[in-house]
Structures are given as structure tokens and as C-alpha cells.
Amino acid sequence: MTTPTVVLLPVWAAGHLMSMLDAGKRLLARSGGALSLTVLVMPAPGENHRCEVAAHIQREEASGLDIRFHHLPAVEPPTDCLGIEEFVSRFVQLHAAHVKAAVSGLACPVAALVLDFFCTTMLDVSRELAVPAYVYITADAAFCALLLRLPALHEEVAVEFEEMEGMVGVPGLPPVPPSSLPVPVMDKKNPNYTWFMYHGRRFTEAKGVIINTVTELEQSVLAAIGDGWCAPGFPAPAVYPVGPVLSVTPPAEQPHECVRWLDAQPPASVVLLCFGSMGFSTAAQAHEIAHGLERSGHRFLWALRGPPAAGAGPGQPSDADLGELLPEGFLERTKEKGLVWPTKAPQKEILAHAAVGGFVTHGGWNSTLESLWFGVPMVPWPLYAEQHLNAFTLVAYMGVAVAMEVDRKRNNFVAASELERAVKALMERDSEEGKRAREKAAEMKAACRKAVEEGGSSYSALGRLSEAIIKGASK
Ligand SMILES: COc1cc(-c2[o+]c3cc(O)cc([O-])c3cc2O[C@@H]2O[C@H](CO)[C@H](O)[C@H](O)[C@H]2O)cc(OC)c1O
Ligand SMILES: O=c1ccn([C@@H]2O[C@H](COP(=O)(O)OP(=O)(O)O)[C@@H](O)[C@H]2O)c(=O)[nH]1
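Everything numeric in this text was worked out from a predicted model, so none of it was measured.

Caption draft 1: Structural detail: the overall build of the protein chain. Helix and strand counts for the protein chain come out as 18 helices and 14 strands. A globule of 475 residues ought to have a C-alpha radius of gyration of about 23 Å, and the protein chain, at 22 Å, matches this closely. Its C-alpha atoms put the protein chain at 70 × 55 × 50 Å along the principal axes. Of the contacts made within the protein chain by residues no fewer than 6 positions apart, 73% connect residues no fewer than 24 positions apart.

Dropping the structure here:
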């Protein structure tokens, strides 16, 4: 009989697709040849994403691993969506018939369907085809716990969360300030919110949730999910914390200009500022950052992107026009101390460099895991998606970051004085706050590395997952 296959259904966003593919490859290796991998590829909406996805797939196909890519037919994207979560969820839903046809048409037995958390509408397909389904969470366990809890929270809190008295209870987490909830949760009237509730409710129908996190990082939250505390009255999903799932590639033969600059800096002296694939600064905000950095006196590597160009999509920052974005004379005054990089930077290579001692980050989950993998403490500056929740957990729960005041009502504005304070608190040897975050980040670096080694927590979770899938396939 042919090897049973695990079918992955990722969404096209790089931070989702790559994470899921890497998790799938680890599962493949852990199954010892008992499973193969099939990836269903939805044609990404938008030329940019299509090219990015094609490049990733080309690289994977050249790797010689037992992965088959099955390209689904294109569908007409919905045109009346109010936000990204609604768009992604509805766009995925329109692929139901194609996913069903693709899965039922596979020549080998299908052991499991693994769905990105935006794809829970496909749980109907898995039920119709009697294929066990798992949900893959590209973010942390705290995000998973909140989504599981959201339908009940919705009933308990009649007003907008911002208007409620007190804190939000999420099992396993310290009380969460309403101002730290993810963007789509901040407006109950928006379909994005309804979709988040929908996905959270449907997580309980899956055989299990696979989370890109590490047990040692989120022990109490993972226990709360697994014990059914997040959605009482519904089946508790089996939990598989398999992270950190990151693709850390060997350094390039020709070191990048950022890396060459770092080579000339003292150990742990540089603060990196980088804001994910969608983050950008207006000129007003860039001025505040520049003044804050200059006044902090610390060395910096700043990946600066500008607002999307006319005609570009909302999630596509432009390469920075430094003359337009930075204060007069800033580059000249700081040329001995800093580098401003005006386009996408090689973030993982930078974080791996011994000269980097701190990271001001938008707090996307992949960036967070990369920072912890290299033991770099953070100052979170949340911008979009679930990043405000991440910022809270990094500071108040995991203890690996120093807090910074971000004005959510003013487009996540940070004043120069506040950035200066946070950078000093993070970087200075005699700062108690910084010392705590540095020690905890170093501890988590060790925990992350141990987790993926033989016998480690994530290695074991992957083993349990592989066994559960193989057992399900043989039924
Ligand atoms: C988690 O909830 C949200 C996710 C996203 C989101 O959307 C998205 C759309 C694209 O077209 C391209 C992307 O790269 C992309 C990425 C993305 O999520 C990122 O996922 C990471 C792993 O989960 C990480 O946690 C980051 O913080 C996310 O930005 C968008 C969104 O609202 C804007 C969400 O609520
Ligand atoms: O200038 C940049 C910005 C981002 N990234 C990478 O893009 C990913 C961002 O993922 P994350 O989940 O942090 O945030 P998102 O961009 O999805 O919001 C991470 O792997 C980063 O290393 C990068 O290499 N250079």
C-alpha cells in the first residue's frame, strides 16, 4: 500500500505558509517514513503573494523531500470585505469544493488534514470525507486560548471590551487588560470579530491543535487548553506544542551589509528595530524614533519601511525614502552609532549576531520566536493582528520583554521620550527591568533549543502527533 499522506492547507501569507511547511517537514521526519506530505496550494490573491509563494514552493520542490504540491483552481476573491480576517476566511471558504475534490482524488490514503487556523470552514470537508482534522496555530498558545474562550466571553461581556470594567480572564494567563486584545477583537460589530469567534468555536471540533510554541514558554496556558478550561462544555482538543518552528538557514556566503556593519560593533551593544512584513513608519513617527534613539545613546540597526506606495495593497510597506522620513542631519550625527536599513532586512541573521543585545519588534509571533531562539530580549511595539496580546504576554507572562507605552488610539504612536526610556531600560547593564528580561530570554533560548532536541518537549509532542495520525490512518 502507498504511504498515507498528511494534507496541509496553509494560507499564503509567508509567516503562515513557511511555518506550516516547516512543521509538516518535522512531522514527516518524525514519522520515520510512515507518512508523506501533500500541500494544497490556494492561488494567492495578489501578484506579490503569488510570486512569493511560487518562490517558496520552488525551493521546497528542489529540496528532494517527499512533499507533493497540489495547486487548487483559482476562485474569484470576495470584493465586499471589511478587513483582512474576513477576507482570508471567506476566500478560503470559497475553496471548499476544490479542497474536497483534491483530497478525495488523492491516490494514497489520507491520514489527516491539517488546517491553518483561518481555514476552519474546511472542518466540514474533513467530516464529509471522514478524515481526521487538526488545526495549526501559527501564533502562540495565548492566542489559541483567547479564541477558544471568545464565544463565551462574547456572552459574558455585553459592551465592547474597551468599555468593560476590569480585566479579561483567559485561562492560564494573568488577567488581560482589554486594551491588549487583538485588533479584530476590539470591534464587535465588525465581521472580522465574528470570524475570530467562529474559528475559536470550531477549534473544539478538531482532533487536536498543533501550536507553534514551546511548553516551557506557555506551560499554564497549554495546560488550560488541554484541560478544557477555555471552552467549558465543549470537547478539549489534544494539544501539540511543536515549536519553535523556524527555518534558520546557514549564513549566506557573502555576508549581508547589515551583518558586515554588525561585525564592527561590540558584543550585545546594538538594539535592532524591525517591524514585520507589514509594519511601516510615517515621517512623524520616524522622527520620534530617530530622536529617541539618538537620545538613548545606544547603537542601533533600524529596518525602516515607509507607508505603502499609491496603488500598493495596505499590507505592503514601501522601501523607505530616508530623506523624506528622517530628521535633518540625523544620519550624519549618528553615523558612528547606527545603521538605517531602508528595505527588508535579514532579520534572523541579524538576531543571530553577537553584537545584537535587544530587539524593538512589532511582536509578530515568528519574530518573537526568532528573538527567543537567539536569546535576545525584546521591547514589543504592537501594530496589527494579534500583536497587542503578544506584547502583553511577552512582558507580563513570559517575562522576556520590557514594556513600552504605545498609544493604540493614535495609530500605535510612541513618543521619542518613551522609546528612549524603553531602549535604555532594555540595554543598560544596571537596569533591573532589562536584567530580568535578559536573564529570562537566555533561559528561554536554552529551553527552545532543548525542546526540539531528542527527548525535548516539542520533540515528544511531534512524536505523539505522528503516532496519533498514524493510528487514525490505520483505522
Ligand atoms: C493572527 O491574526 C491575524 C493575522 C494576520 C495576517 O495576515 C496576513 C495577510 C497577508 O496577506 C500576508 C501576511 O503575511 C499576513 C500575516 C498575518 O499574520 C501574521 O501571522 C504571524 C503568525 O501567526 C504573526 O503572529 C503576525 O503577528 C501576524 O501579522 C492579519 C490579521 O489582521 C490584520 C490578523 O488578525
Ligand atoms: O525586514 C524584515 C521583516 C520581517 N522579516 C521576517 O518576516 C517574518 C515576520 O513574521 P512575523 O510573524 O513576525 O510577522 P508578520 O510579518 O507576519 O506580521 C519573520 O520571519 C521575520 O524574520 C525579515 O526577515 N525582515
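Now, onward.
Caption draft 2: The arrangement of the site of ligand 2 in detail. Around ligand 2, the structure places 14 residues, and the nearest of them are S277, A345, S367, E370 and Y384. Contact distances for ligand 2 include 2.8 Å between an oxygen atom and a side-chain N or O atom of N366. Interatomic distance of 2.6 Å between a side-chain N/O atom of S367 and an oxygen atom of ligand 2. Here the residues of the shell around ligand 2 are counted per class, giving four nonpolar, eight polar and two charged.

Caption draft 3: Molecular detail of the site of ligand 1. Taken together, 22 residues lie near ligand 1, and I84, E85, T138, E386 and Q387 sit nearest. One of the backbone N or O atoms of W365 is found 3.2 Å from an oxygen atom in ligand 1. One of the side-chain N or O atoms of Q387 is found 2.9 Å from an oxygen atom in ligand 1. Relative to its unbound accessible area of 650 Å², ligand 1 is 90% covered by the protein chains. Broken down by class, the residue content of the shell around ligand 1 amounts to 13 nonpolar, seven polar and two charged. Looking at the shell around ligand 1, you find at least three residues from each of domain 1 (3–245 + 453–472) and domain 2 (255–447).

Caption draft 4: A look at the packing of helix α6 (residues 141–156) against helix α8 (residues 219–226). Taken N-terminus to C-terminus, the directions of α6 and α8 make an angle of 35 degrees; their axes are 9 Å apart at the nearest point. As α6 runs across α8, the sense of the crossing is left-handed. Judged by residue contacts, A141, A142, C144, A145 and L148 of α6 engage V221, L222 and I225 from α8. A class-by-class count of the residues in the contact of α6 with α8 yields eight nonpolar, no polar and no charged.

Caption draft 5: Representation of empty space enclosed by the protein within the structure. Applying the stated criterion to the full structure yields three cavities of 30 Å³ or more. Looking at the largest cavity, its volume works out to about 70 Å³. As for the largest cavity, its lining consists of L8, M20, A23, G24, L27, V114, Y136, I210 and L465. Broken down by element, the residue count for the lining of the largest cavity peaks at four residues, all from helix α1 (residues 14–30). For the lining of the largest cavity, the class distribution of residues is eight nonpolar, one polar and no charged.

Caption draft 6: Geometry of the nonpolar core. One finds I137, F161, I225 and L301 to be the most contacted residues of the largest nonpolar core, which totals 129 residues. Tallying contributions element by element places α6 first for this core, with 10 residues. Residues lining this core come from more than one domain, with at least three contributed by each of domain 1 (3–245 + 453–472) and domain 2 (255–447). Among residues more than four places away in sequence, those in contact with L301 are C258, W261, L262, V270, V271, L272, L273, L339, W341 and I350.

Caption draft 7: Structural context of the pattern of salt bridges. Evaluation of the coordinates by the stated rule reveals 20 salt bridges. Put simply, K25 and D22 hold a salt bridge, and the shortest N to O gap is 3.5 Å. Residue K25 and its partner D22 are located together in helix α1, separated by three residues, close to a single helical turn. We note a salt bridge from E60 to K25, for which the minimum N-O separation is 2.9 Å. Of this pair, E60 sits in helix α2 (residues 47–62) while K25 sits in helix α1, placing them 35 residues apart in sequence.

Caption draft 8: A look at the packing of aromatic side chains. Under the defined criterion, the tally for this structure stands at 11 aromatic pairs. Judged by centre distance (4.6 Å) and plane angle (25 degrees), the ring pair of F117 and F118 falls under stacked. The residues F117 and F118 share a single accessibility class, namely buried. Seen from their ring centres, W302 and F330 are 6.2 Å apart, and the 85 degrees between their planes marks the pair as edge-to-face. Taken together, the residues span a long stretch of sequence, with W302 in strand β9 (residues 299–303) and F330 in helix α12 (residues 330–333) at a distance of 28 residues. Overall, F330 belongs to the buried group, its relative accessible area being 0%. Three or more aromatic residues joined by ring pairs form one cluster here, namely F117, F118, F143 and F196. Over the ring of F161 we find K188; its NZ or CZ atom is 4.7 Å from the centre of that ring. Across the ring face of W373, the terminal group of R449 is positioned such that the distance to the ring centre comes to 4.3 Å.

Calculation criteria
Residues numbered from 1 in each chain as written. Chains lettered and ligands numbered in written order. Predicted model: local features only at pLDDT ≥ 70, side-chain atom pairs only at ≥ 80, totals over all residues. Heavy atoms only, no water. Helix = DSSP H or I, 4+ residues; strand = E, 2+ residues; numbered from the N terminus. Rg over C-alpha atoms; globule rule 2.2 N^0.38 Å. Contact = heavy atoms within 4.5 Å. Near = heavy atom within 4 Å. Polar contact = N/O pair within 3.5 Å; in protein donor to acceptor, adjacent residues only side chain to side chain. Nonpolar A, V, L, I, M, F, W, Y, C, P; charged D, E, K, R; others polar. Areas by Shrake-Rupley, 256 points an atom, 1.4 Å probe, with all protein chains shown as cover. Domains from an automatic or database assignment. Axes fitted to C-alpha atoms, helices over the stretch in contact; angles between N-to-C directions. Left-handed = near helix turned anticlockwise from the far one by under 90°. 1 Å grid on protein atoms, 1.4 Å probe; cavity = no way out; pocket = protein on both sides within 12 Å on 5 of 7 lines; lining within 4 Å. Points joined across faces, edges and corners; volume = space filled by probe spheres on them. Core = buried A, V, L, I, M, F, W, Y, C linked by side-chain atoms within 4.5 Å. Buried < 20%, exposed > 50% of the residue type's maximum accessible area, 1.4 Å probe, protein only. Salt bridge = Lys/Arg side-chain N within 4 Å of Asp/Glu carboxyl O. Phe/Tyr/Trp six-rings, centres within 6.5 Å; stacked < 30°, edge-to-face > 60°. Lys NZ or Arg CZ within 6 Å of the ring centre and 35° of its normal.

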